[in-house]
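# Overview (structure and organization)
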Amino acid sequence: MSVIVILDDRATNRKIFAKLTASIEADAQVHSFGDPADALVWLETHTPDLVVTDYKMPSMDGAEFIRRFRGHPQLAEIPIIVITVYEEREFRLQALQAGATDFLRSPIDHQEFITRARNLLKLRHQQLMLASRAAGLERKLEHSQEALRDSSERLAQVIDTVPAMISAADKDGRFLFVNAYQMSITGLDSTAVVGKEIAALFGEDPGARSRALDRKVFRTGKPLPSYEEAITDRSGVKRVFLTSKSPLRDHSNAVIGVLTSSLDITEHKRAEDHLLHMAQHDSLTGLPNRTLLSDLLRREFVLARRGDRPFALHRIDLDAFKNVNDALGHGVGDRFLKGIARRLQALTKDSDAVARLEGDEFVVLQTNATHEEAEQFAQQVVATVSQPFVFADDLVEITASVGVTVHPRDGMDAQELLKNADLAMYQAKGDGGNRFRFYAADMISRAREALVLDSRLREAVNQNQFLLHFQPQIDLRTRRIVGAEALVRWQTPDRGLVGPAEFLPRAEKTGLILPINEWVLREACREAATWQQRGLPPLRIGVNLSSIQFQKQSVPLLVARVLGDTGLDPRRLDLELTESMLLEQTEAVVRDLRQLHELGVSISIDDFGTRYSSLTYIKHFPIDRLKIDQSFVRDLGSNPHDAAIVRAIVSLGHSLELEVIAEGVESAEQVSLLHAEGCDEVQGYFFGKPMPSSEFVARAIGEQKLKRSA
């Protein structure tokens, strides 16, 4: 059963260290003290197996406590771990000179603390075992000279069988004896070493260090605390030993030599380093993980407070990385992430750090960086990530969204900096990706507003708070209604009717667009089916679709089910897709649109002309009509360029046997010009704003009566 002493003036730290040390052995006894003086009083009558002490304490620093502790003869060989936040070498030297055994820098890694404490306790138990054996042998030596000689031989045999380097040296620094294990490590013969100086075995520098420590043992008559040292064996392999030095005394209690024992802890150190590396690094890329990043950030905060130096945090998220895994497999995806890691590391300086949090999320800690330097680095990240990768025959291109925070302006602790960098990154992603954004104070309020909107939209979906308005579509030749576009509105309990521009973009980001658009499709088809039952002429109903619907669900199956449920003639349904959506989609979308066409549904391209209009996709997609964007209609009478674009779209559509409809028509002049250019249909405020179904039906019925009376 081990006895462990914890000394720290902070109660929280005492609880943490006590809990950690208690986990090393099931029956370990842990005694905690907040005052060094109280601990020293207790230690006068108790002997622990391990002491863990803070360095900086109000009444007495760690070095002074260790000196007083070592002043007790029974405590001279007890291992002491010093916990300190200071990186300066002078503090470590002061503690070493006082008799410290090992160091850990705060904040500590829990696994590292447990491993080191366990090793020191193991060494303590081995020392006690060796001391017990030596004491037993010494008692036997007192019987007679013959027994003394016999016991000496047995003692030598025991020492030679111990798997540790054991040797003794006199006041002149010459070897008195060296055990067989040490000879096997060094490759020397004991007959060639005994009587020679220590440097003959270890070399000048190591020999000088060992000689200096031996002189301290001769001077004080006390053992030295155990310490780690690196020794190169006869094969040239570097090993790590835990070494202790104790005085050898004659019958008059005079110190006649120094006994040095060194336990090989190389494998323990390797295992310790491996476990520590695994706990602190990402297994795929080898980059620091979130745990190590937190430690690095805490250290950077300490350095920043001392030198008032700013630093930046770059939160990097790859745009649409899921597509790489889905299209090329996770093997290529993993290789891609490793490539991104290498590119980011190539951008950084030695004091910076690149970490991978999870998935396609990376963080770069840019040390000693101003706002301008952080901006330049963020630009480099965006440009570097967007450069294509080549895997076999596959060319992979992807972009990144980067959020940047700078200390101390954007946060005073690691959690705040990371949270604000997340907000900035999501802003960059929301602005289209492939860009960076610095954190701004109003991002938190905007994020909160977005969360509130998300909650209210989910409530609106569950409580069916949406309704449809219908905008008439007019045939320019007959000037009669031939259809309507269904436009969703949100009937809020507190604000009344809210237009789609205020909530549909957010619904696209959160995925709520799926239930909303499905409701719009079903309600529009149900309403259009009633028009036929009320005697109206066959009218077309236009419904807008989202690209997310094609990614997340089978649109042909949805449309077929809705048509079957509502009884609407498929020829009366017109599905509107944006030009940009078609440009970004895959062959799977082409297949879906062809299946929709086979159902009898027509397809229109909305906002035509606002992006790069390609004859290729017009050729491959089953399209029935083009809708000229209102931006070209607005200045049709005064801007010859807009007139030329309208003329070109009409000509293109008719040459491909497509109908052409113009949006945003607000004046008689626009109607006349569009008719002159050969446009087939129009919609806009000149003919009617989006209106409730009852108003639309009344207008269509009135038009029908006029037609009959004429």
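Residues numbered from 1 in each chain as written. Predicted model: local features only at pLDDT ≥ 70, side-chain atom pairs only at ≥ 80, totals over all residues. Heavy atoms only, no water.

## A closer look at the overall build of the chain
Our working rule: By the criteria applied, helices consist of DSSP H or I runs no shorter than four residues and strands consist of E runs no shorter than two, each listed in order from the N terminus. Throughout, radius of gyration means the C-alpha value; the globule benchmark is 2.2 Å times the number of residues raised to the power 0.38. Remark: exposure states derive from per-residue accessible area (1.4 Å probe, protein chains only) relative to the maximum for the residue type, with buried under 20%, exposed over 50%, and partly exposed in between. Contact criterion: two residues are considered in contact whenever any of their non-hydrogen atoms come within 4.5 Å of each other. Each accessible area value is a Shrake-Rupley result obtained with a 1.4 Å probe; residue values ignore everything except the protein chains displayed when judging cover. Positive residues here are Lys and Arg, negative ones are Asp and Glu, while His and the chain termini are left out of the count. In this description, the location of a charge corresponds to atom NZ of lysine, CZ of arginine, CG of aspartate or CD of glutamate.
When helices and strands are counted, the chain shows 28 helices and 26 strands. For a compact globule of 710 residues, the expected C-alpha radius of gyration is about 27 Å, and the chain comes in at 41 Å, more than 25% above that figure. Taken along its principal axes, the extent of the C-alpha atoms in the chain is 145 × 55 × 50 Å. Split into buried and exposed, the 710 residues of the chain put 48% on the buried side. Contacts spanning at least 24 positions in sequence make up 62% of the contacts within the chain whose residues lie at least 6 apart. About 35,000 Å² of surface is accessible on the chain, with carbon and sulfur atoms providing 50% of the total. Counting 87 positive and 100 negative side-chain charges, the chain places the averaged centre of each group 2 Å from the other.

## Quick word on unusual backbone geometry
Glycine aside, a negative phi is what most residues show, and trans is what most peptide bonds show. Backbone torsion omega between histidine 407 and proline 408 reads 10°, so that peptide bond is classified as cis. Residue placement: proline 408 occurs in the loop between β16 (400-407) and α16 (414-430). The phi dihedral of asparagine 464 falls on the positive side, at around 55°, and the residue is not glycine. With respect to the helices and strands, the residue asparagine 464 is situated in the loop between α17 (442-463) and β18 (466-475). For asparagine 464, a relative accessible area of 48% corresponds to the partly exposed category.

## With respect to the sheet that holds strand β5 (residues 102-105)
Keep this limit in mind: Two strands are said to pair when DSSP picks up at least two bridges between them. A fitted line through C-alpha atoms serves as each axis, taken over the contacting stretch for helices, and the angle formed by two N-to-C directions is quoted from 0 to 180°.
Across the sheet, five strands lie side by side as β2-β1-β3-β4-β5; this open sheet has parallel pairing. The strands lining the two open edges of the sheet, one partner per strand, are β2 (29-33) and β5. Ignoring which end each strand starts from, the neighbouring axes of this sheet average 20° apart. Of the pairings in the sheet, the one linking strand β4 (residues 80-84) to β5 comprises four bridges and is parallel in character. Looking across to β5, one finds that isoleucine 83 is bridged to leucine 104. Lying over the sheet, helix α1 (residues 11-22) contacts β1 (3-7), β2 and β4, oriented at roughly 165° with respect to β2.

## Considering helix α27 (residues 668-677)
To keep things clear, this is the line we draw: Within this analysis, the arc is defined by the directions that extend from the helix axis to the C-beta atoms.
Of all the residues in α27, the buried ones are Gln670, Val671 and Leu674. The buried residues of α27 occupy one face: seen down the axis, they fall within an arc of 100°. Buried residues along α27 sit against α25 (630-633), α26 (640-655), β25 (659-662) and β26 (681-682). Glycine 678 sits one or two residues past α27 and shows a positive phi near 95°.

## Notes on the nonpolar core
Selection criterion: Remark: nonpolar core denotes a set of buried residues (Ala, Val, Leu, Ile, Met, Phe, Trp, Tyr, Cys) joined through side-chain atoms within 4.5 Å.
Residues Trp531, Ile541, Leu573, Leu575 and Leu674 are the most contacted members of the largest nonpolar core, which totals 76 residues. A per-element tally of this core places helix α19 (residues 513-533) first, with 10 residues. In contact with leucine 575, not counting residues within four places along its chain, are Leu521, Val543, Leu545, Val559, Leu596, Val601, Ser602, Ile603 and Ser604.

## Remarks on the pattern of salt bridges
Keep this limit in mind: A pair is scored as a salt bridge if a Lys or Arg side-chain nitrogen falls within 4 Å of a carboxyl oxygen belonging to Asp or Glu.
Evaluation of the coordinates by the stated rule reveals 35 salt bridges. Here glutamate 112 and arginine 116 are joined by a salt bridge, their closest N and O atoms 3.2 Å apart. In this pair, glutamate 112 and arginine 116 are both assigned in helix α5 (residues 110-141), four residues apart and thus about one turn of the helix distant. You can call arginine 116 buried: its relative accessible area is 15%. One salt bridge connects glutamate 361 with arginine 315, and the closest N-O pair in it is separated by 3.2 Å. A residue pair is termed long-range when its members are at least 10 positions apart, and glutamate 361 in strand β13 (residues 361-366) and arginine 315 in strand β11 (residues 311-318) qualify at 46 residues. The two residues glutamate 361 and arginine 315 agree in class, both being buried. Among the ionic contacts, a cluster of salt bridges with common partners joins Glu485, Glu576, Lys627 and Glu663.

## Here's the deal with the pairing of strand β6 (residues 165-169)
Taken residue by residue, a regular strand's side chains alternate between the two faces of the sheet. For β6, the tally of buried residues reaches five of five residues, placing the bulk of the element in the interior. Here β6 shows no split at all, with Met165, Ser167 and Ala169 on one side and Ile166 and Ala168 on the other all buried. In terms of strand pairing, β6 meets strand β10 (residues 255-264) through five bridges, oriented antiparallel. When the sheet's bridge partners are listed, alanine 169 is paired in β10 with valine 258. Here β6 pairs with strand β7 (residues 175-178) via three bridges, running antiparallel. The residue bridging serine 167 from the neighbouring strand is valine 178, located in β7. A loop of five residues connects β6 with β7, the two strands running antiparallel in sequence, and glycine 173 in this loop sits at a positive phi of about 80°.

## Examining the confidence of the model for the chain
This is how the line gets drawn: Every residue gets a pLDDT, meaning the predictor's confidence in that residue, from 0 to 100.
Residues of the chain with pLDDT of at least 70 account for 90%, and the chain-wide mean is 85. Low pLDDT, under 50, characterises residues 143-152; the stretch is placed with seven contacts to residues that sit more than four places away or in other chains.

## Side note on the packing of α19 against helix α21 (residues 555-566)
Put simply, the rule reads: Whether a crossing is left-handed or right-handed is set by the direction in which the near helix is turned from the far one by less than a right angle, anticlockwise for left-handed and clockwise for right-handed.
Where α19 meets α21, the closest approach of the two axes is 9 Å, and the angle between their N-to-C directions is 35°. Where α19 crosses over α21, the handedness of that crossing is right-handed. Residue-level contacts link Glu518, Leu521, Arg522, Cys525, Arg526 and Ala529 of α19 to Leu558, Val559, Arg561, Val562, Leu563, Asp565 and Thr566 of α21.

## Overview of the packing of helix α14 (residues 330-347) against helix α15 (residues 371-385)
For clarity, the threshold we go by: Note that the term roughly parallel is reserved for angles under 35 degrees, roughly antiparallel for angles over 145, roughly perpendicular for angles of 65 to 115, and oblique for everything else. Ten residue types, Ala, Val, Leu, Ile, Met, Phe, Trp, Tyr, Cys and Pro, are classed as nonpolar, four, Asp, Glu, Lys and Arg, as charged, and the remainder, Gly among them, as polar.
Between α14 and α15, whose axes approach to 10 Å, the crossing angle comes to 150°. Comparing their axes, α15 and α14 come out roughly antiparallel. Note that α14 runs across α15; the crossing there is right-handed. Only Phe377, Gln380, Val381, Thr384 and Val385 of α15 make contact with α14, whose side of the interface consists of Ile340, Arg343, Leu344 and Leu347. Among the residues making up the contact of α14 with α15, the classes are represented as six nonpolar, two polar and one charged.

## Re the sheet that holds strand β9 (residues 238-249)
Reading across the sheet, the five strands line up as β7-β6-β10-β9-β8 and stay open at both edges, with antiparallel pairing between neighbours. Looking at strand neighbours, the two that pair on one side only are β7 and β8 (224-232), the edges of this open sheet. This sheet shows a mean twist of 25° between the axes of neighbouring strands, independent of strand direction. Across seven bridges, the pairing between β8 and β9 is antiparallel. By the bridge assignment for β9, glutamate 229 is matched with phenylalanine 241.

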